[in-house]
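Structural characterization, general
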Amino acid sequence: MAIFVVVRVLDTAYAQLNGAQVQFKLGSGAFVTLAPSSVDGAVGHETAVNALPGTTTRCTVRVTKPGLFPVQQDLLLTTTARPAALTFDGAQDINVRNIDRHSRDSGDVNFDIYVVPGELRDASSSIPPILAQTPPLFPAPNPSGQRRPAIPAPILDPGRIQNVVDLAAIILSTPTNPAAGQHKQVTAKLAGKLFFVERTSTPQLLAVYVPDGLGFLKQFSTKTNAPVPRAYHLFFHPSIPDHFTNPYPFSYSYIDLIARYLRAEQHWAIGKELMYQHEASKKRCILVFPVGAKGTGFGTLATQRNVLKLLQELNYWIQRMVGVAVPSQPKPVAHLAVSGFSAGIRQVLGVLGQDRVTVFNDDVLREVYSFDGIFVTRDANNKEVLDVPSTDACCAAMRAWFRGGQNGRALRVYTQGRIWFDRLRDVFPGATFVPGRDGALEMSSAQNTILFAPSVFWNGLNEPLRSQAVSTNPNELYKTVHQFIPALFVQHAIKFNGMG
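Residues numbered from 1 in each chain as written. Predicted model: local features only at pLDDT ≥ 70, side-chain atom pairs only at ≥ 80, totals over all residues. Heavy atoms only, no water.

Overview of the pattern of salt bridges
What counts is decided by this rule: Basic side-chain nitrogens of Lys or Arg form a salt bridge, by our definition, when they fall within 4 Å of a carboxyl oxygen of Asp or Glu. Working definition: helices are DSSP H or I runs of at least four residues, strands are E runs of at least two. Numbering for both runs from the N terminus. For each residue, the accessible area found with a 1.4 Å probe, counting protein chains only, is set against the maximum for its type, and the residue is called buried under 20%, exposed over 50%, and partly exposed in between.
For the structure on display, the rule yields 19 salt bridges. The partner of Asp355 in a salt bridge is Arg305, with the nearest N and O atoms 3.3 Å apart. Placement of the pair is Asp355 in the loop between α5 (345-353) and α6 (358-364) and Arg305 in helix α4 (residues 304-321), with a sequence separation of 50 residues. The exposure class of Asp355 is partly exposed, given its relative accessible area of 38%. Of the charged contacts, one joins Asp362 and Arg409 as a salt bridge, the two residues approaching to 3.7 Å between their closest N and O atoms. Highlighted residues: Asp362 in helix α6 and Arg409 in the loop between α7 (388-402) and β22 (410-415), separated in sequence by 47 residues. Among the residues examined, Arg409 registers a relative accessible area of 2% and is labelled buried.

This is the structure:
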């Protein structure tokens, strides 16, 4: 009986991946490069293995491809019993899916090793040395002159509990509905897992919070026996300022950015508490926080094709990280909410309009959020002014995608800019219109929210919410409210989404 090892290289959507170099080593011998060939009707990299009966032989497979992280898997070929067996020698590599055994017509045997090289790898070991650094003095403090607190270490304390502001479905109160604008503090416990994920291209670092209870080990629906799409929220932060430290992404400034957005206190001058807002929403939704680079931002990520590829990568990688041996890839691969804060809205516009992929546009992308998104340009005096054409283009892209909420689509916009309300107010069929004090306006239904709450509205909030949202310096009202909007409304958007 002859033994053949066949290496089959797949992408994370389980399609054949061409152009990889596949090498094989038997025992203490040298690596041999395997040429691709047709094996059982598909492309494989095949080699005959001369293993003596009654022996256990170590062997190694190595797969490399430009733009992807290399994969190396140690194996044990055992012929001490019949039939022969090929098993993992130690841990199954994250980017190796499974080993299959097939008999050949001649009585020989194939061992098929499925290797799934990817753009992601675990970066958790890179974080502790950065947390141990003495935090630098930031040259650009908050508008009030306050220095940011040091990074909470560790960034994720298992079981840690913090308070989150919880709002009613209708934010603005009226004489006929005075309780609508009331809020309460709810406690949120981190019961999930925070992953630090390195990428081969910009953005080169992702923080990914996976809440508990997602059922990653439960691969198929009990009703349909089909793989279950999982809910993701992809959040784009604003542009990286010039004072950030190098190197990117593994330096204090970039890890501090993650800490401020994901865990630090829900306060305009401190943080956004995105992980806690997700937990408080009670929805099982994975938070994906890409870390942009100074100067180059998010690279080419913000297109439909590239975000779909990222979701396929994450769906595979997360399942392997939580112990799933053979991850499922549902179709559609996921249900996605994409959001942008401030200048991060430019990335949302990219996802809505660039490199359209029908399955992504129609089935994967379910929800779009804007947290005080703003497009700016510079006038003749180099002063920042509202970029009206870009704002109009974004509103038009939202309208074209939303289509009246077909297929469960949802659109939520929280803004200090009246232009967003004026451009989108007629998009939502059957929405409730609510006027508020100081010119605030809201349109709301099960599948939409558009809240226009001008800066002056926030000065009239009751304590303690006002002190969380607004600086004591009246000249900083707009800037501080701008920072607080994502700290307050992410929980609202996720709480009323239709994905979890």
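Structure's up, so let's keep going.
Regarding the packing of aromatic side chains
The description of an aromatic ring pair rests on the distance of the ring centres and on the angle between the ring planes. To keep things clear, this is the line we draw: A pair of Phe, Tyr and Trp rings is counted when the ring centres sit within 6.5 Å of each other, with Trp represented by its six-membered ring. The angle between the planes then sorts it: under 30 degrees is stacked, over 60 is edge-to-face, the rest tilted. Charges are assigned to positions over rings by a cutoff of 6 Å between ring centre and Lys NZ or Arg CZ, combined with an angular limit of 35 degrees from the ring normal.
Evaluated as defined, the whole model comprises 20 aromatic pairs. Ring geometry for Trp458 against Phe484: centres 6.3 Å apart, planes inclined by 80°, an arrangement best described as edge-to-face. Of this pair, Trp458 sits in helix α9 (residues 455-459) while Phe484 sits in helix α11 (residues 477-495), placing them 26 residues apart in sequence. Side by side, Trp458 and Phe484 carry an identical accessibility label, which is buried. An aromatic cluster is defined as three or more aromatic residues linked by ring pairs; in this entry it consists of Phe235, Tyr261, Phe289, Phe341, Tyr369, Phe371, Tyr414, Phe457, Trp458, Phe484 and Phe489. Its end group placed over the ring of Tyr14, Arg97 keeps NZ or CZ at 4.6 Å from the ring centre. The aromatic ring of Tyr114 is capped on one face by Arg97, whose charged end is 4.7 Å from the ring centroid.

Things to note about the environment of Val228
Its location among the elements puts Val228 in the loop between β15 (205-210) and β16 (230-236). Taking the C-alpha atoms as reference points, Val228 and Gly404, 176 residues apart in sequence, are found 26 Å from one another.

Considering the sheet that holds strand β10 (residues 109-115)
Heads up, the rule is: The pairing criterion for strands is at least two bridges between them, as found by DSSP. Here, axes are lines fitted to C-alpha atoms. For helices the fit covers the stretch in contact, and angles between N-to-C directions go from 0 to 180 degrees.
Here five strands make up an open sheet; going across it, the order is β4-β5-β1-β10-β9 and the pairing mixed. Across the chains shown, the open sheet's two edge strands, defined by having one partner strand only, are β4 (36-39) and β9 (96-103). The sheet shows a mean angle of 40° between the axes of neighbouring strands, direction not considered.

Here's the deal with unusual backbone geometry
Backbone torsion omega between Thr202 and Pro203 reads 0°, so that peptide bond is classified as cis. One can find Pro203 in the loop between β14 (193-199) and β15. Going from Lys331 to Pro332, the amide bond is cis rather than trans, its omega being 0°. On the secondary structure map, Pro332 appears in the loop between α4 and β18 (334-341). One non-glycine residue, Tyr14, adopts positive backbone phi at about 70°.

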